[in-house]
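Okay, here's what each chain looks like letter by letter:
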Amino acid sequence: MLVIAHRGASGYRPEHTPAAYRLAAAQGADYLEPDLVATLDGVLVCRHENEISGTTDVAEHPVFADRKITKIVDGTAVTGWFVEDFTYAELRTLRARERMPALRANNTAYDGLEEIPTFDDVVRLARRESARLGRPIGVIPEIKHPAYFRRLGLPLEELLTERILALRLRPEEIMVQSFEPTSLRRLSVMTQVPLVQLIDAESAPNDFLRTGDGRTYADLIEPRGLREVATYAQVLAPHKDLVVPRTADGCLGEPTRLVDHAHRAGLAVQVWTFRAERRFLPTATDFPTELTRFAALGLQGVFCDHPDQAVAVLRKSALNV
């Protein structure tokens, strides 16, 4: 089973930093997961969102004070500073910081130490660590808000395909994720790399909402929807609550049939996101117990913030089979 380092080893270092990606590789991750957004001049950089006040020190740079603005992003009003309003050269003057300092106080020791990496940086890092450690380490980027960026003249699908070609990435080195089926359909005719349909626990894909398509994520995971997903993607990546729901008191409930149905449609299944902190765990369940329960369902991969703990749990589960 693949261990996918969610934004790097984000349980131990500020997410989407070189330190987080390097640590994830050292801890045994099979894939590094960078979220991608685009700068004003079309450079793909690694941030969870295009609004960067929570993950950089941009607010401490007076020269950029006048760029604080409110925008509508995927139907929600967001106030702050946005990647697409900065050139890459300008963005390089900022430094990354921990997004959840109250929860991950130890990570704040690394605030201000590193620049925002580009997609190219992460690919080069994965290749270096793969050579150093003697095992394959891939990348599994997620393109964020693709419909939003396309309207700005920054089509993430084209920008990413260009980098895949320029970096000569082979299918075994990369998978590409998106919540938006339209985006994945575009990529399916641009590139031959494996594609991953992300599925949230509620609501609907943003591209469906924009075009008046009445389907929801729940429709996509019905057998008919899964067969359609399989026409353009190779992997289904659902929120973990869709695989093993929680009961009213927060405990793990009984598994759904989603994994079996996805496999019948020809889709591999990678589930997100496993975190070791108590606030993210089911009631009366620790991290090893939760992950072991999911691993027994025949998954092909798990996204996790603490790759070392996931590797240890999965190794022990394999030995006990």
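A quick note: this is a predicted structure, and the numbers were derived from the prediction, not measured.

Here is what the cut-offs are and how they apply
- Residues numbered from 1 in each chain as written.
- Predicted model: local features only at pLDDT ≥ 70, side-chain atom pairs only at ≥ 80, totals over all residues.
- Heavy atoms only, no water.
- Salt bridge = Lys/Arg side-chain N within 4 Å of Asp/Glu carboxyl O.
- Buried < 20%, exposed > 50% of the residue type's maximum accessible area, 1.4 Å probe, protein only.
- Helix = DSSP H or I, 4+ residues; strand = E, 2+ residues; numbered from the N terminus.
- Pairing = 2+ DSSP bridges.
- UniProt positions renumbered as here; feature names shortened; annotations may be inferred.
- Contact = heavy atoms within 4.5 Å.
- Polar contact = N/O pair within 3.5 Å; in protein donor to acceptor, adjacent residues only side chain to side chain.
- Axes fitted to C-alpha atoms, helices over the stretch in contact; angles between N-to-C directions.
- Left-handed = near helix turned anticlockwise from the far one by under 90°.
- Phe/Tyr/Trp six-rings, centres within 6.5 Å; stacked < 30°, edge-to-face > 60°.
- Arc of directions from axis to C-beta.

A. Quick peek at the pattern of salt bridges. Evaluation of the coordinates by the stated rule reveals 30 salt bridges. Arg 163 is the partner of Glu 162 in a salt bridge, and the nearest nitrogen-oxygen pair spans 4.0 Å. Judged by its relative accessible area of 47%, Glu 162 falls in the partly exposed class. Each of the salt bridges in this network shares a partner with another, and the network as a whole consists of Arg 7, Glu 15, Asp 35 and Arg 99.

B. Representation of the pairing of strand E1 (residues 2–6) in the model. Most of E1 sits out of view: four of its five residues are buried. Across four bridges, E1 lies against strand E13 (residues 301–304) in parallel orientation. What sits directly across from Ile 4, in E13, is Phe 303. Relative to strand E2 (residues 31–33), E1 runs parallel, the two being bridged by three bridges.

C. Inspection of the UniProt feature "domain: GP-PDE" (unreviewed entry) in the protein at higher detail. Feature annotation in UniProt places "domain: GP-PDE" (unreviewed entry) on residues 1–314, given in this structure's numbering. Secondary structure across residues 1–314 comprises 31% helix and 17% strand; the distance between its end C-alpha atoms is 8 Å.

D. Highlighting the environment of Thr 256. Mapping Thr 256 onto the fold places it in the loop between strand E11 (235–238) and helix H10 (258–264). Residues Thr 256 and Pro 136 lie 120 residues apart in sequence; the distance between their C-alpha atoms is 32 Å. Each residue touching Thr 256, except ones within four places of it in the same chain, is listed here: Leu 242, Val 243 and Pro 245. Within the structure, Thr 256 has its side chain in polar contact with the backbone oxygen of Leu 242 (distance 2.8 Å).

E. Region of interest: the packing of helix H5 (residues 156–166) against helix H6 (residues 181–190). It is at 10 Å that the axes of H5 and H6 come closest, and there the two elements cross at 35°. Every pair of crossing elements has a handedness; the one defined by H5 and H6 is right-handed. Residues Glu 157, Glu 158 and Thr 161 of H5 form the contact with H6, whose own contacting residues are Ser 183, Arg 186, Leu 187 and Met 190.

F. Layout of the packing of aromatic side chains. Considering all chains together, one arrives at five aromatic pairs under this definition. Pairing Tyr 148 with Phe 149 gives two aromatic rings, centres 5.4 Å apart and planes at 90°, and the pair type is edge-to-face. No difference in accessibility class separates Tyr 148 from Phe 149, as the two residues are buried. Both rings, one in Phe 179 and one in Tyr 217, keep their centres 6.2 Å apart while their planes meet at 70°; by these two values the pair is edge-to-face. In this pair, Phe 179 sits in the loop between strand E9 (176–178) and H6 while Tyr 217 sits in helix H8 (residues 217–220), placing the two residues 38 residues apart along the sequence. Given the relative accessible area of 21%, Phe 179 is considered partly exposed.

G. Layout of helix H1 (residues 18–26). Most of H1 is tucked away: seven of the nine residues are buried. Residues Pro 18, Ala 19, Ala 20, Tyr 21, Leu 23, Ala 24 and Ala 25 constitute the buried set of H1. Two residues or fewer after H1 comes Gly 28, characterised by a positive phi angle close to 105°.

H. Representation of the environment of Glu 129 within the structure. When you line up the elements, Glu 129 lands in helix H3 (residues 119–133). Given a relative accessible area of 9%, Glu 129 falls into the buried group. For Glu 129 and Arg 210, which are 81 residues apart along the polypeptide, the C-alpha to C-alpha distance reads 41 Å. Among residues more than four places away in sequence, those in contact with Glu 129 are Arg 22, Ala 25, Gly 134 and Ile 137.

I. Just H6, in detail. Those residues of H6 not exposed but buried are Pro 181, Ser 183, Leu 184 and Leu 187. Taken around the axis of H6, the buried residues stretch over an arc of 155°, which confines them to a single face.

J. Up close: unusual backbone geometry. Each neighbour pair has its own omega, and for Trp 272 with Thr 273 the value is -20°, a cis peptide bond. Not every positive phi belongs to a glycine, and His 145 is a case in point at roughly 50°. You can see His 145 is positioned in the loop between strand E8 (142–143) and helix H4 (146–151). By relative accessible area, which is 12% here, His 145 ends up buried. For Ala 284, which is not glycine, the phi torsion reads 60° and is therefore positive. With respect to the helices, strands and loops of the structure, Ala 284 is situated in the loop between strand E12 (268–274) and helix H11 (287–295). The exposure class of Ala 284 is exposed, given its relative accessible area of 77%.

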